[in-house]
Amino acid sequence: MLQPDRMVSTTCPYCGVGCTLQLHLKNDFIYKVTSPFDSPVNHGNLCVKGRFGYDYIYSPRRVTAPLIRQTPQRPGARTQAFDRSEWREVSWDEALDYTADRLVEIYRRDGSDAMAVYCCAKATNEDNYLLQKMYRALFRTNNVDHCTRLCHAGSVTALIKALGTSAMSNTAAEVIHSDVFIVTGSNTTENHPIIALHMKEAIQKHGAKLIVIVPRRIELCDYATLFLP
Ligand code: SF4
């Protein structure tokens, strides 16, 4: 059997469950992905994305260095540039200088209302904090948004009304100890497969109850005490 030169522990980049991954490397090539059984979130389980979805790493089309357009866009123009020949590869220093110069140029020319930033759920809390700070303190704008506001808008409202806070109230590892689950507006098996696995285990091994409230039949309905379409 193939023996790895080294193993790298990391976190799955795909969904918010954040399963622990162990990358098996031979000659700097990832040939297998597993997960340790003592990982607190996924207990050694991985879904198909975390286990097999890493071939993109070696795609020749992958962007591995900063790119700057050969022909800059004119203000107000929105032209697409899908061909690689329309871009030139640059160093990180040049890319960061270019970005900083362009932001300052836009701010000086058009003012605070022309500035906006869209933060990322995949970035760390610290990175997102710094980004909003830069826009509020430096560019004097509150045009700060985050992808989580859109995809979690429904759950944020419901959680604030029910619990007074919009954050998750328990850890993923605690799901398996729940007595009752209500799933609404989610196809958990596809969106967060390992959480769905914990729910099924709680239902089958510990007698937990599941209520599913979604307009179409999803896989979890097979485990539900109540399905309310
Ligand atoms: S459930 Fe699947 S996609 Fe989500 S973090 Fe775990 S392995 Fe990755």
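Residues numbered from 1 in each chain as written. Predicted model: local features only at pLDDT ≥ 70, side-chain atom pairs only at ≥ 80, totals over all residues. Heavy atoms only, no water.

Trainee: So what's going on with the sheet that holds strand β1 (residues 6–11)? Which residues, and what values?
Mentor: Taking strand neighbours across the sheet as the criterion, the three strands line up as β1-β2-β3 in an open arrangement whose pairing is antiparallel. Where the open sheet ends on each side, the last strands, each with one partner, are β1 and β3 (29–34). Put simply, the sheet's adjacent strands are angled 30° from each other on average, direction ignored. Pairing geometry for strand β2 (residues 20–26) and β3, over five bridges, is antiparallel. Counted as the bridge partner of Q22 is T34 from β3. (Pairing = 2+ DSSP bridges. Helix = DSSP H or I, 4+ residues; strand = E, 2+ residues; numbered from the N terminus. Axes fitted to C-alpha atoms, helices over the stretch in contact; angles between N-to-C directions.)

Trainee: Tell me what's going on with the site of the ligand, and back it up with residues and numbers.
Mentor: As a matter of local geometry, the ligand sits amid C12, Y14, C15, V17, G18, C19, L46, C47, K49, G50, P193 and I194. At the level of elements, α1 (48–52) and α7 (193–206) are the ones that each hand at least two residues to the shell around the ligand. Among the residues forming the shell around the ligand, the class breakdown is nine nonpolar, two polar and one charged. (Near = heavy atom within 4 Å. Nonpolar A, V, L, I, M, F, W, Y, C, P; charged D, E, K, R; others polar.)

Trainee: Hey, could you go over the packing of aromatic side chains for me, with residue numbers and the actual values?
Mentor: Under the defined criterion, the tally for this structure stands at three aromatic pairs. Here the aromatic cluster, defined as three or more aromatic residues joined through ring pairs, consists of Y107, Y135 and F139. (Phe/Tyr/Trp six-rings, centres within 6.5 Å; stacked < 30°, edge-to-face > 60°.)

Trainee: Quick rundown of the domain arrangement of the chain? Include the residues and the values.
Mentor: Reports often express the size of an interface as the amount of accessible area lost when the parts come together. Domain boundaries assigned for the chain yield domain 1 (6–58), domain 2 (67–149) and domain 3 (170–227). The straight-line distance from the C-alpha centre of domain 1 to that of domain 2 is 31 Å. (Domains from an automatic or database assignment.)

Trainee: Can you lay out the environment of R6 for me, pointing to particular residues and giving the numbers?
Mentor: Looking at the element boundaries, R6 is found in strand β1. Sequence separation between R6 and D28 is 22 residues; the distance between their C-alpha atoms is 8.6 Å. Apart from the residues within four sequence positions on either side, R6 is in contact with L23, H24, L25 and D28. There is a polar contact of 3.0 Å between the side chain of R6 and the side chain of D28. (Contact = heavy atoms within 4.5 Å. Polar contact = N/O pair within 3.5 Å; in protein donor to acceptor, adjacent residues only side chain to side chain.)

Trainee: Help me get a handle on the nonpolar core, residues and values and all.
Mentor: Ranked by internal contacts, the top residues of the largest apolar core, which has 28 residues, are V17, V33, F181, M199, L210, V212 and L220. Every element with two or more residues in this core is listed here: β2, β3, β8 (180–184), α7 and β9 (209–213). Looking at this core element by element, the count peaks at five residues for α7. When residues of this core are assigned to domains, at least three fall in each of domain 1 (6–58) and domain 3 (170–227). (Core = buried A, V, L, I, M, F, W, Y, C linked by side-chain atoms within 4.5 Å. Buried < 20%, exposed > 50% of the residue type's maximum accessible area, 1.4 Å probe, protein only.)

Trainee: Which residues make up the pairing of β2, and what values do they have?
Mentor: Here six bridges tie β1 to β2, and the two strands are oriented antiparallel to one another. Bridging from a neighbouring strand, R6 pairs with L25 of β2. Hairpin connection from β2 to β3: two residues lie between these consecutive antiparallel strands, with N27 at a positive phi of about 50°.

Trainee: Outline the sheet that holds strand β10 (residues 226–227), supporting the account with residue identities and numerical values.
Mentor: Strand order in this open sheet of three strands is β8-β9-β10, and the pairing throughout is parallel. The open sheet terminates on both sides in strands that have one partner only, identified here as β8 and β10. One ladder, built from five bridges, connects β8 with β9; its direction is parallel. Pairing of V183 across the sheet is with V212, part of β9. Packed onto the sheet, α7 meets β8 and β9 and runs at close to 140° relative to β8.

Trainee: Break down unusual backbone geometry for me, citing the residues and quoting the values.
Mentor: Where the residue is not glycine, phi is negative for most of them; where a peptide bond is considered, it is trans in most cases. For N27, which is not glycine, the phi torsion reads 50° and is therefore positive. Looking at the secondary structure, you find N27 in the loop between β2 and β3. Of note, the phi angle at H43 is positive, near 50°, even though the residue is not glycine. Take H43: it is sitting in the loop between β3 and α1. The exposure class of H43 is partly exposed, given its relative accessible area of 31%.

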